[in-house]
Amino acid sequence: KGAERELYIRGKEIYSREGFCMTCHQADGTGLSASGFPTLSKTPWVLGNEQRLIKIVLKGLQGPIEVNGQKFSGHVPMTPFEGMLKDDEVAAVLTYVRNSFGNKASAITPDQVKAVRDAVKDKKRFYTSTEILSEHPMQ
């Protein structure tokens with residue numbers, strides 16, 4: 001409803017842009033497991049800690065990761081979007097992802113994204129799953 005609905009609608013458009021989320025994670029969010037791109041559906045990586053998810057979108061992710069029991073090598077890193085998307089755009093796409101593909105979770109706000117962006121502004125490299133999980137363990 002209201003602002004959250006607007007975020008969701010805008011997020012769908014951003015997700016679908018050429019070279020953005022849909023390219024690897026597909027229109028239905030199931031990913032391309034043969035190419036090493038995991039699902040976004042019903043996984044704690046998406047539904048869990050908001051800061052963890054925001055950090056991954058801002059700084060990217062490289063290296064091995066396990067999603068819903070399936071292991072991915074992570075040879076092709078996830079793009080860091082911090083230079084391509086503003087806070088409200090990151091909030092929109094994450095609100096869309098967290099409420100699509102069978103997911104149901106709280107919206108992400110631009111203020112949440114801004115706080116995380118400020119906290120990680122000096123980080124110069126991709127996250128690894130080990131590093132991000134040490135900061136934000138799975139619940």
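In what follows, the structure referred to is the one given above.
In this text the structure is predicted, and so the values were computed from the model without any measurement. (Residues numbered from 1 in each chain as written. Predicted model: local features only at pLDDT ≥ 70, side-chain atom pairs only at ≥ 80, totals over all residues. Heavy atoms only, no water.)

Participant: I'd like a rundown of the overall build of the protein chain, residues and numbers included.
Facilitator: Helix and strand counts for the protein chain come out as seven helices and two strands. Across the protein chain, helices and strands are ordered from the amino to the carboxyl terminus as α-α-α-α-β-β-α-α-α. Structurally, the protein chain occupies a C-alpha span of about 40 × 35 × 30 Å along its principal axes. Classification of the 139 residues of the protein chain by burial places 47% in the buried group. Counting contacts in the protein chain only where the partners sit at least 6 residues apart, residues at least 24 apart contribute 64% of the total. Carbon and sulfur atoms provide 55% of the accessible area of the protein chain, an area that totals close to 7,500 Å². Counting 19 positive and 16 negative side-chain charges, the protein chain places the averaged centre of each group 2 Å from the other. (Helix = DSSP H or I, 4+ residues; strand = E, 2+ residues; numbered from the N terminus. Buried < 20%, exposed > 50% of the residue type's maximum accessible area, 1.4 Å probe, protein only. Contact = heavy atoms within 4.5 Å. Areas by Shrake-Rupley, 256 points an atom, 1.4 Å probe, with all protein chains shown as cover. Lys, Arg positive; Asp, Glu negative; His and termini not counted. Charge placed at Lys NZ, Arg CZ, Asp CG, Glu CD.)

Participant: So what's going on with the pattern of salt bridges? Which residues, and what values?
Facilitator: The final tally for this structure, using the stated rule, is 11 salt bridges. For arginine 17, the salt bridge identified is with glutamate 89, shortest N-O distance 4.0 Å. Placement of arginine 17 in the loop between helix H1 (2-15) and helix H2 (21-25) and of glutamate 89 in helix H5 (residues 87-97) is noted, with a sequence separation of 72 residues between them. You can call arginine 17 partly exposed: its relative accessible area is 25%. The shortest N-O distance in the salt bridge between glutamate 82 and lysine 59 comes to 3.0 Å. With glutamate 82 in the loop between strand S2 (70-72) and H5 and lysine 59 in helix H4 (residues 50-59), the pair connects residues that are 23 residues apart, well separated along the chain. (Salt bridge = Lys/Arg side-chain N within 4 Å of Asp/Glu carboxyl O.)

Participant: Before we move on, could you go through the packing of H4 against helix H6 (residues 110-119) and cite the residues and values that matter?
Facilitator: As a packed pair, H4 and H6 sit with axes 10 Å apart at the nearest point and diverge in direction by 65°. The angle between H4 and H6 falls in the class roughly perpendicular. In terms of crossing hand, the pair formed by H4 and H6 is right-handed. Together, Glu50, Gln51, Ile54, Lys55 and Leu58 of H4 and Gln112, Val113, Val116 and Arg117 of H6 make up the contact between the two elements. (Axes fitted to C-alpha atoms, helices over the stretch in contact; angles between N-to-C directions. Parallel < 35°, antiparallel > 145°, perpendicular 65-115°, else oblique. Left-handed = near helix turned anticlockwise from the far one by under 90°.)

Participant: I'd like a rundown of the side chain of serine 100, residues and numbers included.
Facilitator: As for its position among the elements, serine 100 is in the loop between H5 and H6. Owing to a relative accessible area of 8%, serine 100 belongs among the buried residues under this scheme.

Participant: Describe in detail the nonpolar core, supporting the description with residues and values.
Facilitator: Grouped together as the largest cluster of nonpolar side chains are 33 residues, with contacts concentrated most on Tyr15, Ile54, Val90, Leu94 and Val97. Looking at which element gives the most residues to this core, the answer is H5, with seven residues. (Core = buried A, V, L, I, M, F, W, Y, C linked by side-chain atoms within 4.5 Å.)

Participant: Any chance you could break down the environment of lysine 123 for me, citing the residues and the numbers?
Facilitator: Mapped onto the elements of the fold, lysine 123 is located in the loop between H6 and helix H7 (129-135). Taking relative accessible area as the criterion, lysine 123 reaches 16% and is therefore assigned buried. In this structure, the C-alpha to C-alpha distance between lysine 123 and lysine 59, residues 64 residues apart in sequence, is 7.9 Å. Setting aside chain neighbours within four positions, we find lysine 123 in contact with Lys59 and Glu131.

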